[in-house]
Amino acid sequence: AIVDRDARVMMEARTREVETLLATMMDTMPVGICQFDARAPYRCTWHNAAYRMLLDDPFRKDGVLHATLADFQLCHLQPDLSAQLASVAETRLAVSDPQAVLKDWEGRDTHWHWMVVPVLRDGQVDSLLHIAIPHDTPTEERANAGSLPSVALDATPQAMEPSAPS
């Protein structure tokens, strides 16, 4: 019984360490992540600070926790997000556009790699993750400039196989 208790205490300590690590990563990485309910009206259940870069005021300052997509869609850089969420919820297949060009609030082109990924639980879509990775220039220009190698992908959204439920 003492060995089991010691093992449990060590496991709980390690779990707290991992939770702290993941929270730090989510709060500091420059990738915007938002978790939505799996069904319309797609309520935001969590987002990191970087997700606010996709939003205009007042949401850029205050965030969108507990708001539905309809509440802030007009202040979001990605105008077709509702259709993307609906597609992933229905098909259980992630969609992605690695070379999206979205207009910012001043009319300038901004470059993104975005994806919507289903989170599966017991084989069903439990929630949806919208992930947005900003980049300054299109993939081809980055590759030609000698930056990290990249894979040339079709610029249209594409289906990816969902991961197996754990």
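Residues numbered from 1 in each chain as written. Predicted model: local features only at pLDDT ≥ 70, side-chain atom pairs only at ≥ 80, totals over all residues. Heavy atoms only, no water.

A. Up close: the pattern of salt bridges. Scanning all chains against the criterion turns up eight salt bridges. Measuring nitrogen to oxygen at the nearest pair gives 3.0 Å for the salt bridge that ties R14 to E17. Linking R14 with E17, this pair stays in helix α1 (residues 2-28), spanning three residues, or about one helical turn. With a relative accessible area of 46%, E17 lands in the partly exposed category. (Salt bridge = Lys/Arg side-chain N within 4 Å of Asp/Glu carboxyl O. Helix = DSSP H or I, 4+ residues; strand = E, 2+ residues; numbered from the N terminus. Buried < 20%, exposed > 50% of the residue type's maximum accessible area, 1.4 Å probe, protein only.)

B. Broad picture of unusual backbone geometry. Between A40 and P41 the backbone carries a cis peptide bond, its omega angle lying at 20°. Relative to the helices and strands, P41 is located in the loop between β1 (32-37) and β2 (44-47). P58 follows D57 through a cis peptide bond whose omega is 5°. Positive phi is not limited to glycine here, since R92 has a value of about 65°. Among the structural elements, R92 can be located in the loop between α4 (81-91) and β3 (94-103). A residue is classified by how much of its surface remains accessible, and R92, at 33% relative accessible area, is partly exposed. Positive phi, close to 55°, is recorded for D122, a residue that is not glycine. Looking at the secondary structure, you find D122 in the loop between β4 (109-121) and β5 (124-135). Look at D122 and you get exposed, because its relative accessible area is 75%.

C. Highlighting the pairing of β3. Burial analysis of β3 places eight of its 10 residues in the buried class, the great majority of the element. Relative to β4, β3 runs antiparallel, the two being bridged by seven bridges. Opposite V101, over in β4, you have H111 as the bridge partner. Counting the residues in the hairpin turn of β3 and β4 gives five residues, including G107, whose phi is positive at 85°. (Pairing = 2+ DSSP bridges.)

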